[in-house]
Amino acid sequence: MAALMTIELRELHFHAFHGLYPEERKTGNEFRVALEVDYLPPEEVITQINETLNYASLYVIVESAMRKPVDLLETLVMQITDSIHTNFPQATRIKISLHKLHPPIVGFNGEVGVVYEKNY
């Protein structure tokens, strides 16, 4: 049976300007992101960065997308997933969760979010 490696980035925090409402685009909001990317590792023990998925490069992809405002969280997670797979075609599964920590909903106490998972 083939081995599977998962690279995880957890508890990433960003101040960004995603949302449908003008005030969200003006003042922004706090977001939390978690990412899992699976791939089939080589049979030998990994000793070089080019034999794995560089988590710093994955972070740059997420961070770059977070700087480009979009209306919907769903759009954002799908764009991030596509960008990761374009840069790392060896990825077999990408799962991302994105939460808006202070949604502009009157009387709402909590956070909202989306989780998107895609298998290749």
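Cut-offs and rules
- Residues numbered from 1 in each chain as written.
- Predicted model: local features only at pLDDT ≥ 70, side-chain atom pairs only at ≥ 80, totals over all residues.
- Heavy atoms only, no water.
- Phe/Tyr/Trp six-rings, centres within 6.5 Å; stacked < 30°, edge-to-face > 60°.
- Helix = DSSP H or I, 4+ residues; strand = E, 2+ residues; numbered from the N terminus.
- Buried < 20%, exposed > 50% of the residue type's maximum accessible area, 1.4 Å probe, protein only.
- Expected span 1.5 Å × (residues − 1).
- Arc of directions from axis to C-beta.
- Contact = heavy atoms within 4.5 Å.
- Polar contact = N/O pair within 3.5 Å; in protein donor to acceptor, adjacent residues only side chain to side chain.
- Pairing = 2+ DSSP bridges.

Visitor: What's the story with the packing of aromatic side chains in this structure? I'm lost.
Guide: Aromatic rings considered in pairs are described by the distance between their centres and by the relative angle of their planes. Taken as a whole, this structure holds 1 aromatic pair when the rule is applied. A ring pair is formed by phenylalanine 14 and tyrosine 59, whose centres lie 6.0 Å apart and whose planes are at 20°; its orientation type is stacked. Taken as a pair, phenylalanine 14 in strand β1 (residues 5-16) and tyrosine 59 in helix α2 (residues 55-66) lie far apart in primary sequence, 45 residues in all. A residue is classified by how much of its surface remains accessible, and phenylalanine 14, at 9% relative accessible area, is buried.

Visitor: When you look at α2 in this model, what are you seeing that I'm missing?
Guide: Because an α-helix packs 3.6 residues into every turn, residues spaced three or four apart end up facing the same way. Across its 12 residues, α2 extends 16 Å between first and last C-alpha, which sits within 8% of the 16 Å expected from 1.5 Å per residue. What α2 keeps buried is the set Leu58, Ile61, Val62, Ala65 and Met66. On an axial view of α2, the arc spanned by its buried residues comes to 135°, and they lie on one face. Lining the buried residues of α2 we find β1, β2 (29-39), α3 (73-87) and β3 (91-100). Between the side-chain oxygen of the N-cap and the backbone nitrogen of alanine 56 there are 2.8 Å, and the N-cap of α2 in question is asparagine 54.

Visitor: I tried to follow the pairing of β2 on my own but got confused; where do I start?
Guide: Sheet faces and side chains relate simply in a regular strand, where the side chains alternate between the two faces. Here β1 pairs with β2 via 10 bridges, running antiparallel. By the bridge assignment for β2, leucine 9 is matched with leucine 35. Strand direction decides the pairing type here: β2 and β3, joined by 9 bridges, are antiparallel. Each bridged residue has a counterpart across the sheet, and for alanine 34 the counterpart in β3 is serine 97.

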